[in-house]
Amino acid sequence: MRLHIGRSLLSAVALVAAVPGGVAFEPLPWDEAYAKAEETLGRMTEPLLLVKGACRRQSFWDGGLFQQHGTTQSGAPYFGFAGYFLYFDPHCDGNAETPPRWVLAAGPPSLNRSNDLDNDGSCSTLEAHAASDNTSSPPMGTEQEWQMLCDDSGNFSSVNLTLQMVPEGEKLSLLRGVGWWHPENGWYTLKKWWYVGNTVAIPRLNVPSLNMQDAAAGFRPTWAEVSGSETVWPSLLSMAATWDPVVVREFAEALGREFKQKGANAILGPSVNVHRVARNGRNFEYLSGEDPFLGSQLVKAYVQGIQSQGVIAVMKHWVFNQQETNRGSENSIVDDKTAWELYYPPFQAAVDAGVSAAMCSYNKVDGIYSCSNGKQLQILREKMGFKGFVQSDWWATHSTSVHAGLDQEMPGIGSGRFQHEAFFSADRLEAADQEAVDEAAKRILAAIYRMNISDDTQCTPPHCKDWFLKNVSTPAHVSLARSAAAKSVVLLQNEHAVLPLTASRVSTIAIIGAAANASSFDPNGQGQGYGDWATGDYYSGGGSGHMQGGEVTPLRGLKQRAEELGISVVASTSNDVAEAVIAAKSADVAIVVAATTSGESRDRPHLHLDGDADALIEAVQQAAPRTAVLVQAPG
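To keep things clear, this report deals only with the structure shown in the data block. What you see as residue numbers is a count from 1 along each chain, following the sequence as written. Confidence filtering applies because this is a predicted model: local features only for residues at pLDDT of at least 70, side-chain atom pairs given and counted only at 80 or more, and all residues used for totals across whole chains, interfaces and linings. Heavy atoms from the whole structure form the basis of all side-chain values; hydrogens and water molecules are not counted.

Some points on the overall build of the protein
Test applied: Helix and strand assignments come from DSSP, with helices taken as H or I runs of at least 4 residues and strands as E runs of at least 2, each series counted from the N terminus. For each residue, the accessible area found with a 1.4 Å probe, counting protein chains only, is set against the maximum for its type, and the residue is called buried under 20%, exposed over 50%, and partly exposed in between. What makes two residues a contact is simply this: any of their non-hydrogen atoms within 4.5 Å. Using a 1.4 Å probe, accessible areas were evaluated by the Shrake-Rupley method; residue-level cover was limited to the displayed protein chains. Only four residue types enter the tally: Lys and Arg on the positive side, Asp and Glu on the negative side; His and the chain ends are excluded. Charge positions are represented by NZ for Lys, CZ for Arg, CG for Asp and CD for Glu.
Helix and strand counts for the protein come out as 16 helices and 25 strands. Expressed as a percentage of its 635 residues, the buried residues of the protein come to 57%. Of all intrachain contacts in the protein linking residues separated by at least 6 positions in sequence, the fraction that spans at least 24 positions is 72%. With the model as given, the accessible surface of the protein reaches about 24600 Å², and the carbon-plus-sulfur share is 49%. Positive and negative side-chain charges of the protein, numbering 48 and 69 respectively, have mean locations separated by a distance of 6 Å.

Shown next, in the form of structure tokens:
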């Protein structure tokens with residue numbers, strides 16, 4: 001017989017469950033949320049300062065819309081954007097003979113000083129700056145000469161920047177993410193203590209930053225210091241295999257609490273696509289498994305559970321994103337009947353449950369990229385009744401498609417012709433259909449007000465370190481995770497009643513296979529971000545949904561349980577067939593542990609188990625008629 005963990009062998013069976021009562025938060029009705037959004041949009045009249053043209057090393061703030069925060073002692077205005085500040089410093093080293101300059105630095109000016117406003121006694125080599133004695137305004141217009149660091153030499157380069165006021169910059173800032181940059185000779189990198197997805201806050205209007213984090217099996221520990229401070233939950237595919245909306249609701253509520261306690265106000269999930277390609281590298285992330293009806297039941301429980309904690313749920317990936325290999329160029333062609341019967345139902349269920357946001361996918365649909373596909377976005381809003389905002393998957397924007405229904409570009413860098421450009425840059429949005437821009441801003445604001453995150457957001461990046469480091473896991477959450485994992489185990493076959501294993505029937509078991517004692521993959525280890533970020537392990541798939549830490553290996557768990565029952569254990573923790581046969585013959589029951597994994601951005605090359613485990617299983621079954629096979633697989 002075989003046991004299979006994490007695989008959904010699903011059929012359309014009716015599920016009836018009571019949704020737990022006593023929710024902590026009730027979202028505001030959409031019409032009230034939109035009324036508040038309309039009022040705030042009308043107050044977005046403050047012009048913002050656009051700064052663009054920086055070299056790639058300074059790409060983090062390039063194209064930023066700087067908000068005026070106040071004035072310094074000299075009476076000069078100072079501006080801020082995403083943790084960077086632009087201000088006038090009369091004498092940057094405190095020496096009266098040093099000429100004045102405008103400074104762009106990763107820190108605010110000291111408001112109780114008249115010069116040397118970073119209080120370091122020198123003219124910092126980290127600051128971008130431009131010589132000027134104009135205290136009322138930085139050098140405005142095109143081709144203004146600034147000095148900044150553009151390579152590792154430590155020498156300043158002369159770069160021509162463009163500075164201009166954008167009359168309606170506040171609303172435009174909602175439509176583009178921040179927090180990422182592109183270093184020289186590197187890859188897209190998230191700044192320390194920023195969430196995976198972020199927007200800037202607008203304090204003047206009490207509009208918070210959107211703090212969005214991955215997602216599938218827990219709060220993604222983006223940095224090594226964070227790992228171990230959150231619960232590692234079973235994958236969403238494992239949750240699907242519980243067939244239990246009550247379990248999914250309890251899990252989602254607990255997950256929402258952890259996200260909120262980490263300072264996040266949005267979770268980049270649930271992933272709801274119905275499996276179409278068996279080798280899909282992200283099948284482990286999808287709550288629907290192979291069954292649209294089951295997915296519809298569980299998605300509703302998930303969305304309501306997450307949002308009961310005042311956290312925005314973002315359903316993904318809209319739409320027909322059924323494979324990972326070539327996901328950025330693949331073209332899905334689906335007729336309407338198949339779409340409505342098979343692929344749309346979990347998304348419709350999320351909409352019916354009041355989901356606040358949706359993420360459009362990398363692939364094309366009928367030859368048009370999903371995030372530019374007006375037909376599909378119209379179906380989502382007009383036929384399904386979706387009232388939230390649509391954001392792109394990371395780097396899935398291919399045009400300034402606000403007119404087609406895309407509301408927000410993520411992560412806000414790297415989607416344009418050059419690596420530090422964006423399609424939703426301020427100048428491109430200014431040239432777009434302004435009615436569509438207003439609608440996009442209203443949809444984002446409505447979601448913010450509906451979930452009350454304007455009054456309930458814990459922090460604004462980059463000032464979220466304490467929230468990231470907060471330990472939010474609890475014994476109750478760990479217990480719930482273990483219980484859900486146990487319920488997700490699918491018994492495929494039990495010939496000759498090999499199970500259950502009891503002391504009255506079994507005196508010795510053999511635990512066989514390299515997967516029985518496999519370690520997990522640390523996403524913060526060497527090589528992450530340089531081509532192998534999608535690596536998974538036998539406990540969690542790879543990519544943005546990967547979690548690590550605190551795993552109990554099958555060997556450890558089975559051995560501990562056997563010892564409690566007084567059953568002896570022999571082990572062969574390799575896939576060596578000869579060694580495995582010897583171990584199997586010495587025991588009453590042989591347990592072969594076999595596994596494989598998968599990861600985002602690439603599909604599995606085949607459906608075989610790792611380490612030629614198929615041959616190992618066959619050999620052990622021949623040697624020991626009473627054999628159980630425990631399979632850990634991502635679908």
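Don't stop here, the text continues.
Thoughts on unusual backbone geometry
With an omega of 5°, the peptide bond running from tryptophan 318 to valine 319 counts as cis. In this fold, valine 319 is placed in the loop between β15 (312–318) and β16 (331–332). Cis geometry is adopted by the peptide bond preceding proline 462, which originates at proline 461 and carries an omega value of 10°. Within the element layout of this structure, proline 462 appears in the loop between α11 (453–456) and α12 (465–469).

As for the environment of tyrosine 538
Just so we agree on the cut-off: We define a polar contact as two N or O atoms separated by no more than 3.5 Å, with the added condition that, inside protein, one atom must be a possible hydrogen donor and the other a possible acceptor, whereas residues neighbouring each other in sequence contribute only through side-chain atom pairs.
Among the secondary structure elements, tyrosine 538 is positioned in the loop between β22 (508–512) and α14 (554–565). Taking relative accessible area as the criterion, tyrosine 538 reaches 22% and is therefore assigned partly exposed. The spacing of tyrosine 538 and alanine 587 is 49 residues in sequence and 26 Å in space, taken between C-alpha atoms. Sequence-distant contacts of tyrosine 538, that is, excluding residues within four places in its chain, are made with Ala515, Ala518, Ala595, Thr596, Thr597, Asp610 and Gln632. In terms of polar contacts, tyrosine 538 uses its side chain to reach the side chain of aspartate 610, at 2.9 Å.

Here we look at the packing of aromatic side chains
Two measures describe an aromatic ring pair: the distance that separates the ring centres and the angle between the ring planes. The cut-off we apply is this: Only Phe, Tyr and Trp rings take part, Trp by its six-membered ring, and two of them pair if their centres are within 6.5 Å. Stacked means planes under 30 degrees apart, edge-to-face means over 60, and tilted covers everything else.
The tally for this structure, following the rule as stated, stands at 20 aromatic pairs. When the centroid spacing of 5.8 Å and the interplanar angle of 50° are considered together, the rings of tryptophan 193 and phenylalanine 468 count as tilted. Pair noted here: tryptophan 193 is in the loop between β11 (189–190) and β12 (197–198) and phenylalanine 468 is in helix α12, with a separation of 275 residues, a long-range link. The exposure class assigned to tryptophan 193 is buried, which follows from its relative accessible area of 12%. The buried category is assigned to phenylalanine 468, whose relative accessible area is 0%. Note on phenylalanine 320 and tyrosine 343: the rings are 5.7 Å apart at their centroids and 75° apart in plane angle, and the pair reads as edge-to-face.

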